[in-house]
Amino acid sequence: MQIEMLYSKIHRATVTDANLNYVGSITIDEELLEASKMRVGQKVEILNINNGERFSTYIILGERGKRDICLNGAAARKVHKGDKVIIVAYASYDEKELDSYKPTVVLVDDENNITEVIENI
């Protein structure tokens with residue numbers, strides 16, 4: 001049996017831009033992707049803390065060090081610059097894998113700088 005579990009999340013990231021005139025996705029800084037173990041093209045859930053919106057999209061690579069969290073295309077209508085979001089990725093695990101299961105949680109400050117990486121919640 002496969003069980004869908006939290007794989008990784010970036011907690012309380014600040015939206016740096018919302019670009020309606022782009023073909024879908026969320027742009028995430030490369031360093032944040034590495035710390036969270038998320039991948040370009042991966043499906044993620046976006047949870048907007050400011051307005052309660054929850055929606056899915058996929059990741060595109062942002063420039064390393066710019067700390068971009070930009071919602072693109074239709075998703076841009078669900079956020080405003082400055083909103084706080086939680087970016088969540090899930091993965092399917094079999095029961096044996098759950099014995100060593102450890103999701104990654106990346107905590108960031110208001111400028112999307114990494115403050116802590118937790119690998120055993």
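Preceding this section is the structure that the text describes.
First, a word on scope: everything that follows refers to the structure included in this document.

1. Side note on the pairing of strand β3 (residues 25–29)
If a strand is regular, its side chains alternate between the two faces of the sheet.
Part 1 of the reasoning: Burial analysis of β3 places 5 of its 5 residues in the buried class, the great majority of the element.
Part 2 of the reasoning: Burial along β3 is two-sided: the face carrying Ser25, Thr27 and Asp29 and the face carrying Ile26 and Ile28 are both buried.
Part 3 of the reasoning: Here 4 bridges tie β3 to strand β6 (residues 69–72), and the two strands are oriented antiparallel to one another. Looking across to β6, one finds that Ser25 is bridged to Asn72.

2. Focus on the sheet that holds strand β7 (residues 84–94)
Part 1 of the reasoning: Strand order across the open sheet formed by 9 strands is β2-β6-β3-β5-β4-β7-β1-β8-β9, with mixed pairing between neighbours. Only two strands of the sheet have a single neighbouring strand rather than two, namely β2 (17–19) and β9 (114–118). Mean inter-strand twist for the sheet, computed between neighbouring axes without regard to direction, equals 30 degrees.
Part 2 of the reasoning: The pairing of β2 with β6 spans 3 bridges and is parallel.

3. Here we look at the environment of Ser8
Part 1 of the reasoning: The residue Ser8 is located in strand β1 (residues 2–14) in this model.
Part 2 of the reasoning: Each C-alpha atom, one on Ser8 and one on Ala75, is 20 Å from the other, the two residues being 67 residues apart in sequence.
Part 3 of the reasoning: Look past the residues within four positions of Ser8 in its chain and what remains in contact with it is Ser36, Met38, Ile87, Val88, Ala89 and Thr104.
Part 4 of the reasoning: One polar contact links the side chain of Ser8 to the main-chain carbonyl oxygen of Thr104, over a distance of 3.3 Å.

4. A few points about the environment of Ile69
Part 1 of the reasoning: The residue Ile69 is located in strand β6 in this model.
Part 2 of the reasoning: Its relative accessible area of 0% is what places Ile69 among the buried residues.
Part 3 of the reasoning: Setting aside chain neighbours within four positions, we find Ile69 in contact with Ala13, Thr14, Val15, Thr16, Asp17, Ile26, Thr27, Ile28, Leu32, Val85, Ile87 and Asn112.

5. Description of the side chain of Gln42
Part 1 of the reasoning: Mapping Gln42 onto the fold places it in the loop between α1 (30–36) and β4 (43–48).
Part 2 of the reasoning: Judged by its relative accessible area of 17%, Gln42 falls in the buried class.
Part 3 of the reasoning: A polar side-chain atom of Gln42 sits 2.9 Å from the main-chain amide nitrogen of Arg39.
Part 4 of the reasoning: Leave out the neighbours within four places in its chain, and Gln42 touches Tyr7, Lys37, Thr57, Tyr58, Ile59, Ala89 and Tyr90.

Conventions we followed
- Residues numbered from 1 in each chain as written.
- Predicted model: local features only at pLDDT ≥ 70, side-chain atom pairs only at ≥ 80, totals over all residues.
- Heavy atoms only, no water.
- Buried < 20%, exposed > 50% of the residue type's maximum accessible area, 1.4 Å probe, protein only.
- Helix = DSSP H or I, 4+ residues; strand = E, 2+ residues; numbered from the N terminus.
- Pairing = 2+ DSSP bridges.
- Axes fitted to C-alpha atoms, helices over the stretch in contact; angles between N-to-C directions.
- Contact = heavy atoms within 4.5 Å.
- Polar contact = N/O pair within 3.5 Å; in protein donor to acceptor, adjacent residues only side chain to side chain.

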